[in-house]
2 protein chains.
Amino acid sequence: MNSKDIAKIVGVSRSTVSRVINNYPDIPQATREKVLKAIKEYNYYPNASARRLAGMKSSTLGIFIIDIKDNEKPHHVIENNEDLLYGNSYFSPFINAFIDQSNKAQYHVLVSTIYSSDELWKIQSAFYEKRIDGAVIIGSSSIDYSKIFEIMDKDSITVAVDLDMEKENTGTVMSVNINNYGGVSDAIDYLVELGHKDIAVITGDLNKLSGKIRFESFKDALLRHGLPLNNDFIAYGDFTENSGYEGMKKILASGKKPTAVFTSNDTMAIGAYRAIKEYGLKIPEDISVMGFDNSYISQYMSPPLTTVNVSLPEIAKCSIELLLDSINNKEIKNRQKTVNVQIVKRNSCKKIV
Amino acid sequence: MNSKDIAKIVGVSRSTVSRVINNYPDIPQATREKVLKAIKEYNYYPNASARRLAGMKSSTLGIFIIDIKDNEKPHHVIENNEDLLYGNSYFSPFINAFIDQSNKAQYHVLVSTIYSSDELWKIQSAFYEKRIDGAVIIGSSSIDYSKIFEIMDKDSITVAVDLDMEKENTGTVMSVNINNYGGVSDAIDYLVELGHKDIAVITGDLNKLSGKIRFESFKDALLRHGLPLNNDFIAYGDFTENSGYEGMKKILASGKKPTAVFTSNDTMAIGAYRAIKEYGLKIPEDISVMGFDNSYISQYMSPPLTTVNVSLPEIAKCSIELLLDSINNKEIKNRQKTVNVQIVKRNSCKKIV
DNA sequence: CTGAAAGCGCTTACAG
DNA sequence: CTGAAAGCGCTTACAG
């Protein structure tokens, strides 16, 4: 079943069939209805590739999850399936939110994962092969981005999430970020309000924008409150649970015990919880813990984690807006968007006297 | 940049360029190399739509997540973004596993979500529009499946996950399921081995194959061990946390207290934990809890949940194998596959005397 | 081994 | 308002 068949059935030309499909204005109501009826009756769907080839948009958006952990190991070396994205609890909700939002906007979505620098060409090829009209890139550190944007065609429409625009912006890439700075600022204000003065930090991966900004904001907040930045109270993590665990142990081993610790994401808070419990300390009685992300799991931790909510659906929505506006050649006012965050208070932080 | 340009540059015909791209055998090494060099140098990627139109596969697989909660509400009525798939912790890992496996097999993947019966046409259209070569369908209850398979073309290659083949199998659909029966069987054996005799159950959605089989297996296991099936110890849930909570409350309110409860998935175990704690009971001292799925969160519950591991990557792998074999017209021996499961013992079940 | 040409199924100026 | 025709960028018999 193709447009020629439908044309024959209805007794019009393929041009006319095409015109009603594409909602051209100058079709008499009667003709339009006849065609629509046949389309429905014969269950006809226009071939997407043919439409694309004839110049239409592919009406699909791409999402590229970059998860390069180890630049020495190319993809084909990774043998354990379980190690792949599957285990990545952070990106999943974003992917899902993005799919939902795209589907709502009548767009299909093509998802690809990238595990090594060698696979960065996938992004370029998806554009060059004309599979997608636009794409969102998430999860990379700044090193990868510059590479990507170097390869990519200047009119491949893409928005990057969590990208440091200062360095890479060639004027061609859009970005959406969350208000990392404000979130951490609020978090520390809250801790101070609760009476905490000895606040430790476990940083995220400082090669990622979120890791960098959150740490900067932390330091600024301490300064603002006239609190000391004790070197023993800084542990450098990388957003993984294990680094949270090790970081917390390092801090606890320093002898001086902080009354509160800010972990730069929830995943590291899980590790920190474990270390704290191993030291026989209780949360929040002995030490308060504050996370960041409000990940799905945070509410189920014991005690439920006080953290900073990041709306993944909101990020997805902003990304898609930027993408669609750009695809439709709309005037874009702001190629950078920032999504707000807010503290969610649970039971892992207590007031001290 | 298209194949004609490359042809001109190298000094051959488009046919030849196409032949090297598609790895035809009879090309002299020298010619092949020249063409490849130009392709690389000019960063040429063949237009996917054109290839598709000329008869090639689209080399993309579809994944349709069916999440029809409420047949009265069509999709456009759902206003709260947060309610969508985003919150669905069960499908996410499967989606990710499927993407990873497909990407490895050099396939792209198109993801779509379906929130109401009105959207079931999406599956059909993806095939008819020739966007995908095959698809996996997950998350539906039997009611939806029969509808889907009715609409769908007999040669749309699809595998259904968690589908009751007895009813719907028209001989055209493939399926992969986990060994629900064996998993529950082992789970109850384990509980009995621990000395439990009064075992309660919170069922899943009995309209889903997994819900149905898990409950059947539970009943059979009790029978096999000569244990009574106490009506007060049965609560009918639907796989959601809240139904686990309500179910557990109902069981606890019955007066007689079971020594163990089997919740048909981990999500309901979360709810059950909450109810048990509200009753001032301790896990596993007062009551043992056994889940199913080994979801990401189960290890972080307090106490860590004893459950049955389901390998989502394995399910994804099986689905893709079936799909690819079918796409490549390979002889398919078994159109049904079953993935094994195994108990993972943690601290929510204790031995009683 | 390789080129000219037809064909895949659409859309869209163009002409009427 | 509508049809005939060109063109999108490939692949693949066909002929040599």
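What counts as what
Residues numbered from 1 in each chain as written. Chains lettered and ligands numbered in written order. Predicted model: local features only at pLDDT ≥ 70, side-chain atom pairs only at ≥ 80, totals over all residues. Heavy atoms only, no water. Helix = DSSP H or I, 4+ residues; strand = E, 2+ residues; numbered from the N terminus. Contact = heavy atoms within 4.5 Å. Domains from an automatic or database assignment. Buried area = accessible area lost by both parts, 1.4 Å probe. Salt bridge = Lys/Arg side-chain N within 4 Å of Asp/Glu carboxyl O. Pairing = 2+ DSSP bridges. Axes fitted to C-alpha atoms, helices over the stretch in contact; angles between N-to-C directions. Polar contact = N/O pair within 3.5 Å; in protein donor to acceptor, adjacent residues only side chain to side chain. Nonpolar A, V, L, I, M, F, W, Y, C, P; charged D, E, K, R; others polar. Buried < 20%, exposed > 50% of the residue type's maximum accessible area, 1.4 Å probe, protein only. Phe/Tyr/Trp six-rings, centres within 6.5 Å; stacked < 30°, edge-to-face > 60°. Lys NZ or Arg CZ within 6 Å of the ring centre and 35° of its normal. Near = heavy atom within 4 Å.

Identification of chain A as LacI family transcriptional regulator from Acetivibrio thermocellus AD2 is taken from an unreviewed UniProt entry.

*Asks:* Looking at this structure, I do not really get the side chain of Glu129(A). What am I missing?
*Replies:* Mapped onto the elements of the fold, Glu129(A) is located in the loop between helix H6 (121-128) and strand E3 (134-138). When near neighbours in sequence (up to four residues on either side) are disregarded, Glu129(A) contacts Tyr45(B), Pro46(B), Asn47(B), Ala48(B), Ser49(B) and His108(B).

*Asks:* Please clarify how the domain arrangement of chain A should be interpreted in this entry.
*Replies:* Where interface size is given, it is often the accessible area lost as the parts come together that is meant. All names here are of chain A. Parsing chain A into structural domains produces domain 1 (3-46), domain 2 (60-177 + 312-338) and domain 3 (180-310). Here domain 2 meets domain 3 over a buried area of about 810 Å², counting both sides, of which 47% is carbon and sulfur. At the junction of domain 2 and domain 3, the tally comes to 0 salt bridges. If you list the elements that add at least two residues to the side of domain 2 that touches domain 3, you get helix H7 (142-151) and helix H13 (312-327).

*Asks:* Sorry if this is basic, but what is going on with the sheet that holds strand E1 (residues 60-66) of chain B here?
*Replies:* The strands making up a sheet associate through backbone hydrogen bonding, with each pair oriented either parallel or antiparallel. The strand order E11(A)-E5(A)-E4(A)-E3(A)-E1(A)-E2(A)-E2(B)-E1(B)-E3(B)-E4(B)-E5(B)-E11(B) describes an open sheet built from 12 strands, whose pairing is mixed. Each edge of the open sheet carries a strand with a single partner, namely strand E11 (336-339) of chain A together with strand E11 (336-339) of chain B. Between one strand axis and the next, the sheet turns by 20° as a mean value, whatever way the strands run. Bridging between strand E4 (residues 158-161) of chain A and strand E5 (residues 174-178) of chain A involves 3 bridges; their strand directions are parallel.

*Asks:* Honestly, the interface of chain B and chain A in this entry has me stumped. Any pointers?
*Replies:* Residue-level contacts link 54 residues of chain B with 54 residues of chain A. For the pairing of chain B and chain A, the buried interface totals around 5100 Å² over both sides, and the portion due to carbon and sulfur atoms is 54%. Along the contact surface separating chain B from chain A lie 0 salt bridges. Linking chain B with chain A are 21 residue pairs in polar contact (both at pLDDT 80 or more). At the level of secondary structure, the elements contributing two or more residues to the side of chain B that touches chain A comprise helix H4 (48-53), helix H5 (91-104), strand E2 (108-114), helix H6 (121-128) and helix H13 (312-327) of chain B. Take the side of chain B that touches chain A: its biggest share by element is 9 residues, from H5(B). Class assignment for the residues of the side of chain B that touches chain A results in 24 nonpolar, 20 polar and 10 charged. Two strands pair when backbone bridges link them, and strand E2 (residues 108-114) of chain A and E2(B) are joined in this way by 3 bridges, in the antiparallel orientation. Each bridged residue has a counterpart across the sheet, and for Val109(A) the counterpart in E2(B) is Val111(B).

*Asks:* For this particular structure, what's the right way to read the pattern of salt bridges?
*Replies:* Where charged atoms from two side chains of opposite charge approach closely, those side chains can pair. Going through the model one piece at a time under the given rule, you end up with 12 salt bridges over all chains. Between Asp189(A) and Arg224(A) there is a salt bridge, with the nearest N and O atoms lying 3.0 Å from each other. One end of the pair, Asp189(A), is in helix H9 (residues 180-193); the other, Arg224(A), is in helix H10 (residues 209-224), and 35 residues separate them in sequence. Judged by its relative accessible area of 24%, Asp189(A) falls in the partly exposed class. Relative accessible area serves as the criterion here: at 47%, Arg224(A) is assigned to the partly exposed category. The salt bridge involving Arg214(B) is made with Asp293(B); its shortest N-O contact spans 3.7 Å. Separated by 79 residues along the polypeptide, Arg214(B) in helix H10 (residues 209-224) and Asp293(B) in the loop between strand E9 (288-290) and strand E10 (307-310) bring together distant segments of the chain. Of the two residues, Arg214(B) and Asp293(B), neither departs from the other in class, the shared state being buried.

*Asks:* Which parts of the structure should I look at to understand the packing of aromatic side chains?
*Replies:* Geometrically, a pair of aromatic rings is defined through the distance of the ring centres and the angle of the planes. According to the stated counting rule, one finds 12 aromatic pairs over all chains in the structure shown. Here the aromatic rings of Phe94(A) and Phe98(A) are separated by 6.1 Å at their centres, their planes lie at 35°, and the arrangement is tilted. Here Phe94(A) pairs with Phe98(A), and both are found in helix H5 (residues 91-104), just 4 residues apart, close to one helical turn. For Phe98(A), a relative accessible area of 0% puts it in the buried group. Taken together, a centroid distance of 5.7 Å and an interplanar angle of 70° make the contact between Tyr296(A) and Tyr300(A) edge-to-face. Under the relative-accessibility criterion, Tyr296(A) is labelled partly exposed at 37%. Taken together, the ring pairs in this structure connect Phe218(A), Phe262(A) and Phe292(A) into an aromatic cluster. When the ring centre of Tyr245(A) is taken as origin, the NZ or CZ atom of Arg274(A), which lies over that ring, is 4.1 Å away. For Lys219(B), the ring lying beneath its charged end belongs to Phe215(B), and the centroid distance is 4.3 Å.

*Asks:* Sorry, what's going on with the environment of Arg19(B) here?
*Replies:* Residue and element names in this part refer to chain B. If you trace the backbone, arginine 19 turns up in helix H2 (residues 14-21). It is 22 Å that separates the C-alpha atoms of arginine 19 and alanine 105, two residues lying 86 residues apart in sequence. Among all residues touching arginine 19, those that are not within four sequence positions of it are Tyr24 and Ile27.

*Asks:* Even after reading the chapter, I still don't get unusual backbone geometry, so can you show me in this structure?
*Replies:* Among all residues save glycine, negative phi is the norm, and among peptide bonds the norm is trans. Residue Ile283(A) is joined to Pro284(A) through a cis peptide bond whose omega torsion reads 5°. Considering the arrangement of structural elements, one finds Pro284(A) in the loop between helix H12 (266-278) and strand E9 (288-290). Phi angles above zero are rare outside glycine, and Asn43(A) is one such case at about 60°. Examined against the element boundaries, Asn43(A) turns out to sit in the loop between helix H3 (29-41) and helix H4 (48-53). Although it is not a glycine, Asn23(B) sits at a positive phi angle of roughly 60°.

*Asks:* Could you clarify how one ought to interpret the protein's contact with DNA strand D in this entry?
*Replies:* Around DNA strand D sit 26 residues, and of these Ser13(A), Arg19(A), Arg14(B), Ser18(B) and Tyr24(B) come closest. Backbone atoms, meaning sugar and phosphate, form 62% of the atoms of DNA strand D found within 4 Å of the protein. Contact between DNA strand D and Ser15(A): a base nitrogen at 2.8 Å from a side-chain N or O atom of the residue. One nitrogen or oxygen atom from the main chain of Asn47(B) is found 3.4 Å from a phosphate oxygen belonging to DNA strand D. Those elements giving two or more residues to the surface near DNA strand D turn out to be helix H2 (14-21) of chain A together with H2 and H4 of chain B. Ranked by residues supplied to the surface near DNA strand D, first place goes to H2(B) with 4 residues. For the surface near DNA strand D, the residue count by class is 11 nonpolar, 10 polar and 5 charged.

*Asks:* Help me understand the pairing of strand E4 (residues 158-161) of chain B, please; the structure alone is not making it clear to me.
*Replies:* Sheet faces and side chains relate simply in a regular strand, where the side chains alternate between the two faces. All names here are of chain B. Here E4 shows two buried faces, one formed by Thr158 and Ala160 and the other by Val159 and Val161. Bridging between strand E3 (residues 134-138) and E4 involves 4 bridges; their strand directions are parallel. Residue alanine 135 lies in a different strand from E4, and its bridge partner there is threonine 158.

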